[in-house]
Amino acid sequence: MSEVSVYIHVPFCLKKCSYCDFYSTNALSVLPAYVSSLQREIEGRTSLSGTPGKAPKKTGTIYFGGGTPSLLPLESVEKILETIYARYQVSQNAEITVEVNPGTVDEPYLAGLKSLGVNRLSIGVQSFDAHKIKVLGRIHTIEQSIEAIGVAKSVGFENIGLDLIYGTPGETREEWIKDLKMALKFKVAHLSCYMLTLESGTPLQAQYKKGLFQLPGPDMLTNLFMATAIFLEQHGYEHYEISNFARGKQNRSRHNSNYWQMIPYDGFGPSAHSFDLLSSKDQDAQNRDARNKDAQGRNIMKSSCLSLVRSWNIADVNAYITSFDGSAGGGVREQEVLSLPQQMLERVMLGLRTSDGFDLTEFEQLMGPRFLQKIVPLMARLEAQELGRVTPGTGKRFVLTLSGRARLDNIVEAFADIIL
Ligand code: SF4
């Protein structure tokens, strides 16, 4: 049986950060009801071990994301993990990650997570610059970030990742490299470096509209992106995904790598997304169910191969909880079936984000040799401009160079023009 990844969305935050447009709430009073609903959702969508004819799915990665998962009391983490272990065949060496906000953790909490089997922490440090932290509206101080990293190490976490943000108002290349140098001091396994984007409806965007600050222009952002990759590679971090760096392949995020390889995942909790592959039999039923979607302009799968289905839960914790009142099902899921070209573009887009690129043989199998010929001139052009290359050897893949990754959006658009 093929594996899935398991994702738990924890939609609680103490305070909204100035740049964030993710769904989250500070209504912590509903946290116990959320946990019960989450357990119900997991139970409703999976099979219990030993159910005749229904083997539980296998999983090798469990990820608590948010929001702020470290607002979950240890008892809640335990309950959720128990439910997952009862409903999935969890591999012995499963990667179990919890995202933590440095302003919400202490030694007993991190030691507790460790004793529950959590073996990877993703710490939302964002920056070691006090001014930047203030601009981003984070709830924690630099001292708390440093403390959280130290405590995580002292209680035995070896697999630690730090999240950092760059491209903030007025940030210079030197300031950003100084931030990175500070992060290097902790010798953590993984670094995620995200470029700040101005999301609509956020306080940061409102300040920008009032002209309170200027953002770095596109050339400066490209400069920062390239500087990040070069600097971190010089210091032993493999640039394996556009925003992600690992100290060696063994420290790549297995959970997120599964996303980029389009391995199915089951997402639970308000606003959580799931992704599944349907067999031809399921697909027939799916296509019948999806007739209404056609009227909404969505593509319906016509091919005889596996179809790809994306689904998502309602982004409202109260509606999510209510949906489980007295009913077996809940979560209020919506879904979308991707057409073959959409599926292919997704593979190309996700592949081009990574140092592994996308698989040309798979492209040929899914789309046919004539279609592969259509993208050959584009790949040749990118190769001539030193933006991409076909890897040598039997398993041919097309990968972007660093300069190519700096122009990812334009390159994906060029592939989309041919594929869709
Ligand atoms: S802690 Fe994370 S999810 Fe919560 S508001 Fe800040 S950036 Fe958004």
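Treat the numbers as computed from the prediction; the structure is a model and nothing was measured.

So, how was this worked out
- Residues numbered from 1 in each chain as written.
- Predicted model: local features only at pLDDT ≥ 70, side-chain atom pairs only at ≥ 80, totals over all residues.
- Helix = DSSP H or I, 4+ residues; strand = E, 2+ residues; numbered from the N terminus.
- Rg over C-alpha atoms; globule rule 2.2 N^0.38 Å.
- Buried ≥ 20, exposed ≤ 12 C-beta atoms within 10 Å, placed from the backbone.
- Contact = placed C-beta atoms within 7 Å.
- Core = buried A, V, L, I, M, F, W, Y, C linked by C-beta atoms within 7 Å.
- Domains from an automatic or database assignment.
- Nonpolar A, V, L, I, M, F, W, Y, C, P; charged D, E, K, R; others polar.
- Near = placed C-beta within 6 Å.

### Describing the overall build of the chain
Along its length, the chain carries 17 helices and 15 strands. Relative to the compact-globule value of 22 Å for 420 residues, the chain shows a C-alpha radius of gyration of 22 Å, a close match. Its C-alpha atoms give the chain principal-axis dimensions of about 60 × 55 × 45 Å. A total of 420 residues make up the chain; the buried ones form 39% of that total. For the chain, contacts bridging at least 24 residues in sequence account for 73% of all contacts bridging at least 6.

### What about the nonpolar core?
Across soluble globular proteins, you tend to see nonpolar side chains buried next to one another. In terms of nonpolar packing, the biggest core is built from 71 residues, with I123, A152, I160, L164 and L191 touching the most fellow members. The dominant element in this core, judged by the number of residues it contributes, is strand β3 (residues 88-100), at six residues. The residues contacting L164, other than those within four sequence positions of it, are V125, Q126, S127, D179, A183, L191, S192 and C193. Membership of the second largest hydrophobic core comes to 13 residues, among which are F358, L382, L387 and L400.

### Details of the domain arrangement of the chain
The domain boundaries assigned to the chain delineate domain 1 (3-258) and domain 2 (351-419). Just the C-alpha atoms count here: the centres of domain 1 and domain 2 sit 30 Å apart. Taken together, the contacts link eight residues of domain 1 with seven residues of domain 2. Among the elements of the structure, α8 (218-234) and β7 (238-241) are those that each provide at least two residues to the side of domain 1 that touches domain 2. Ranked by the residues each element gives to the side of domain 1 that touches domain 2, the list is headed by α8, at four residues. Here the side of domain 1 that touches domain 2 is composed, by residue class, of five nonpolar, two polar and one charged.

### Digging into the site of the ligand
All residues adjacent to the ligand are C13, K16, C17, C20, F22, S24, G66, G67, T68 and N101. Each residue belonging to the shell around the ligand can be placed in one class, and the counts come to four nonpolar, five polar and one charged.

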